[in-house]
Amino acid sequence: MKNKKLLISILACMLTLSACGTSTTSSKVDLNSMSIDEIVENAKKDEKIESVGMPDTWANWKDTWEGITKEYGITHHDTDMSSAEELSIFESEKDDATKDIGDVGQAFGPIAVEKELTLPYKTSYWDSIPDWAKDKDGNWIIAYYGTMSIMTNTKLVKNPPKSFKDILNGDYKVSVGDVSTANQAQFAVLAAAIANGGSESNIQPGLDYFKKLAEQGRIDKGEFSISRLEKGEIEVALLWDYNALGYKDQILQNNPNASFEINIPAEGSIQSGYCTIINRYTQRPYAAALAREYILSDQGQINLAKGFARPVRSIKLPDDVKNKLLPDEQYKTSRMIKDQAAWDKTTKSIAKDWKENVMVYAK
């Protein structure tokens, strides 16, 4: 009888351990206590990395992923999605995680921490990263930032707008994107609010601005995509400057006769960063940590600048890279988020506010 009870006890323990499974392999890994050599050695064993929201065409992630593959032999695949969708897949999959690392808008970093979806890793570049650009434990780190800009297809619009006022006085449609889920689209609303006297805690002036466009039938209700832009289906779009510059460069390579102009709104605009978050439940924590390490290296930062993003670390950019960016004088009236807590609160209701204040009037 004793042996039978002992056997049952052993089997129960084995089942308990089995149930815990891989959930301990990532969430209990202390990446911050490991050396770079240890992370590299283990990352090579991970063999691959699955990212979300980090496609080749966004901020030149292509060169970074190719660099990681070439240097460490780690293969990569991305599934593009919005910041909200990234957090959602981390949360829904949990112990069955298929994704390792994501790139989300600045406001979504603290939300990911609150939801306990992150695995901390500071990287060896910690001291050269500004305090505003990182979580104190390394749960999220901003790698680059952008400024909301106006991109105009000058084949369709002969007098490209240089301000929000210019847009309001125009007769073309404006593509904003999906304000309910996309970080970029939400910041377009904030930029319009700031240009019209609003703030992070008061986006009503921005909503009122877009309501006027909606009533004029000038909100492009189609999904924004580079293919629509290239086909001439989008006249004016509000985009991060690095996306606008990147799309322009890509389209011109395929069609040298295309013509676009990009301007930072003259009244002022908003700047914001994007941060990497490592999935707490990742099955490949070391590959994810190594990816963040590479992203914040000098080469990783230069890669982002090649994609027209502004690197978060103060490094010297090659002249050919720097010269492709917009002139510094265009950014004189732009600013970073001043009240992150207020903006975090605003984003919780912005989808509802957009629908009720703007889209119900869209023609």
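Residues numbered from 1 in each chain as written. Predicted model: local features only at pLDDT ≥ 70, side-chain atom pairs only at ≥ 80, totals over all residues. Heavy atoms only, no water.

Undergrad: Please clarify how the overall build of the chain should be interpreted in this entry.
TA: Along the chain, the regular secondary structure elements total 16 helices and eleven strands. A compact globule built from 363 residues should have a C-alpha radius of gyration of about 21 Å, and the chain, at 23 Å, falls within 12% of that. If you line up the chain on its principal axes, its C-alpha atoms span 90 × 45 × 35 Å. For the chain, buried positions account for 53% of its 363 residues. In the chain, 76% of the contacts between residues at least 6 apart in sequence involve partners at least 24 apart. Surface accessibility of the chain: about 16,800 Å² in total, with carbon and sulfur atoms responsible for 49%. (Helix = DSSP H or I, 4+ residues; strand = E, 2+ residues; numbered from the N terminus. Rg over C-alpha atoms; globule rule 2.2 N^0.38 Å. Buried < 20%, exposed > 50% of the residue type's maximum accessible area, 1.4 Å probe, protein only. Contact = heavy atoms within 4.5 Å. Areas by Shrake-Rupley, 256 points an atom, 1.4 Å probe, with all protein chains shown as cover.)

Undergrad: Even after reading the chapter, I still don't get the layout of surface pockets, so can you show me in this structure?
TA: Space left empty within the atom packing is revealed by a probe, the size of a water molecule, rolled over the atoms. Empty space within the largest pocket amounts to approximately 890 Å³. Split into classes, the residues belonging to the lining of the largest pocket amount to 17 nonpolar, twelve polar and nine charged. Looking at the second largest pocket, its volume works out to about 370 Å³. Taken together, 18 residues form the lining of the second largest pocket, with Asn-60, Asp-249, Lys-306, Gly-307 and Phe-308 sitting closest to its centre. When residues of the lining of the second largest pocket are traced back to their parent elements, those giving at least two are helix 11 (241-254), helix 13 (298-306) and helix 14 (319-322). Here the element with the most residues in the lining of the second largest pocket is helix 11; it accounts for six residues. (1 Å grid on protein atoms, 1.4 Å probe; cavity = no way out; pocket = protein on both sides within 12 Å on 5 of 7 lines; lining within 4 Å. Points joined across faces, edges and corners; volume = space filled by probe spheres on them. Nonpolar A, V, L, I, M, F, W, Y, C, P; charged D, E, K, R; others polar.)

Undergrad: Can you walk me through the nonpolar core in this structure?
TA: In summary, soluble globular proteins display a tendency toward joint burial of nonpolar side chains. Leu-31, Tyr-144, Ile-167, Phe-210, Leu-238 and Tyr-242 are the most contacted members of the largest nonpolar core, which totals 114 residues. Tallying contributions element by element places helix 8 (residues 183-195) first for this core, with ten residues. Sequence-distant contacts of Tyr-242, that is, excluding residues within four places in its chain, are made with Trp-58, Ala-59, Tyr-144, Tyr-145, Gly-146, Tyr-274, Gly-307, Phe-308 and Ala-309. (Core = buried A, V, L, I, M, F, W, Y, C linked by side-chain atoms within 4.5 Å.)

Undergrad: How should the pattern of salt bridges be read in this particular structure?
TA: Two side chains bearing opposite charge may form a pair once their charged atoms approach each other closely. In the structure shown here, the tally under the stated rule is 13 salt bridges. The partner of Arg-284 in a salt bridge is Asp-100, with the nearest N and O atoms 2.9 Å apart. Of the two residues, Arg-284 sits in the loop between strand 9 (269-278) and helix 12 (285-295) while Asp-100 sits in the loop between helix 5 (83-93) and strand 3 (101-105), which places them 184 residues apart along the sequence. You can call Asp-100 buried: its relative accessible area is 1%. A salt bridge links Asp-137 to Lys-136; the nearest nitrogen and oxygen atoms lie 2.9 Å apart. Residue Asp-137 is classed as partly exposed on the basis of its relative accessible area, which comes to 35%. A network of salt bridges, in which partner residues are shared, links Asp-220, Arg-228 and Glu-233. (Salt bridge = Lys/Arg side-chain N within 4 Å of Asp/Glu carboxyl O.)

Undergrad: Sorry, what's going on with the packing of helix 3 (residues 36-46) against helix 12 here?
TA: The description of two helices packed together rests on the angle between their axes and the distance between the axes. Where helix 3 meets helix 12, the closest approach of the two axes is 7 Å, and the angle between their N-to-C directions is 125 degrees. On the basis of the axis angle, helix 3 is oblique to helix 12. Taken as a pair, helix 3 and helix 12 cross one another with a handedness that is left-handed. Residues Ile-36, Ile-39, Val-40, Asn-42, Ala-43 and Asp-46 of helix 3 form the contact with helix 12, whose participating residues are Pro-285, Tyr-286, Ala-287, Ala-289, Leu-290 and Glu-293. Here the residues of the contact of helix 3 with helix 12 sort into nine nonpolar, one polar and two charged. (Axes fitted to C-alpha atoms, helices over the stretch in contact; angles between N-to-C directions. Parallel < 35°, antiparallel > 145°, perpendicular 65-115°, else oblique. Left-handed = near helix turned anticlockwise from the far one by under 90°.)

Undergrad: What should I look at first to understand the packing of helix 4 (residues 61-72) against helix 12 in this one?
TA: Direction vectors running N to C along helix 4 and helix 12 enclose 120 degrees, while the axes themselves pass 10 Å from each other. Here helix 12 runs oblique to helix 4, going by the angle between their axes. Crossing of helix 4 over helix 12 shows right-handed handedness. Residue-level contacts link Trp-61, Thr-64, Trp-65, Gly-67, Ile-68, Glu-71 and Tyr-72 of helix 4 to Leu-290, Ala-291, Tyr-294 and Ile-295 of helix 12.

Undergrad: Just to check I follow, could you spell out helix 11 for this structure?
TA: Since the α-helix packs 3.6 residues into each turn, any two residues three or four apart lie on the same face. An ideal rise of 1.5 Å per residue puts 20 Å on 14 residues; helix 11 measures up with 20 Å between its terminal C-alpha atoms. Among the residues of helix 11, Asp-241, Tyr-242, Asn-243, Ala-244, Leu-245, Gly-246, Tyr-247 and Ile-251 are the ones counted as buried. Elements that come into contact with the buried residues of helix 11 comprise strand 4 (140-153), helix 8, helix 10 (226-230), strand 7 (236-240), strand 8 (260-263) and strand 9. (Expected span 1.5 Å × (residues − 1).)

Undergrad: In this structure, what is going on with the packing of aromatic side chains? I would like to understand it.
TA: Note on aromatic pairs: each is described by the distance of the centres and the angle between the planes. The tally for this structure, following the rule as stated, stands at 14 aromatic pairs. With centroids separated by 5.4 Å and ring planes inclined at 80 degrees, the aromatic side chains of Tyr-144 and Tyr-242 adopt a geometry described as edge-to-face. Placement of the pair is Tyr-144 in strand 4 and Tyr-242 in helix 11, with a sequence separation of 98 residues. Between Phe-210 and Trp-354, the ring centres sit 5.4 Å apart and the planes meet at 65 degrees, which makes this aromatic pair edge-to-face. Residue Phe-210 is found in helix 9 (residues 204-215), and its partner Trp-354 is found in helix 16 (residues 350-357); the two are separated by 144 residues along the sequence. (Phe/Tyr/Trp six-rings, centres within 6.5 Å; stacked < 30°, edge-to-face > 60°.)

Undergrad: Before we go on, may I ask you to explain a negative patch on the surface in this structure?
TA: A contiguous patch of negative charge on the surface is contributed by Asp-80, Glu-85, Asp-178 and Glu-223. Within the fold, Asp-80 resides in the loop between strand 2 (75-79) and helix 5. Of the residues examined, Asp-80 reaches a relative accessible area of 55% and is grouped as exposed. (Patch = residues over 30% accessible without salt bridge, like charges linked within 9 Å, V, L, I, M, F, W, Y side chains within 5 Å. Lys, Arg positive; Asp, Glu negative; His and termini not counted. Charge placed at Lys NZ, Arg CZ, Asp CG, Glu CD.)

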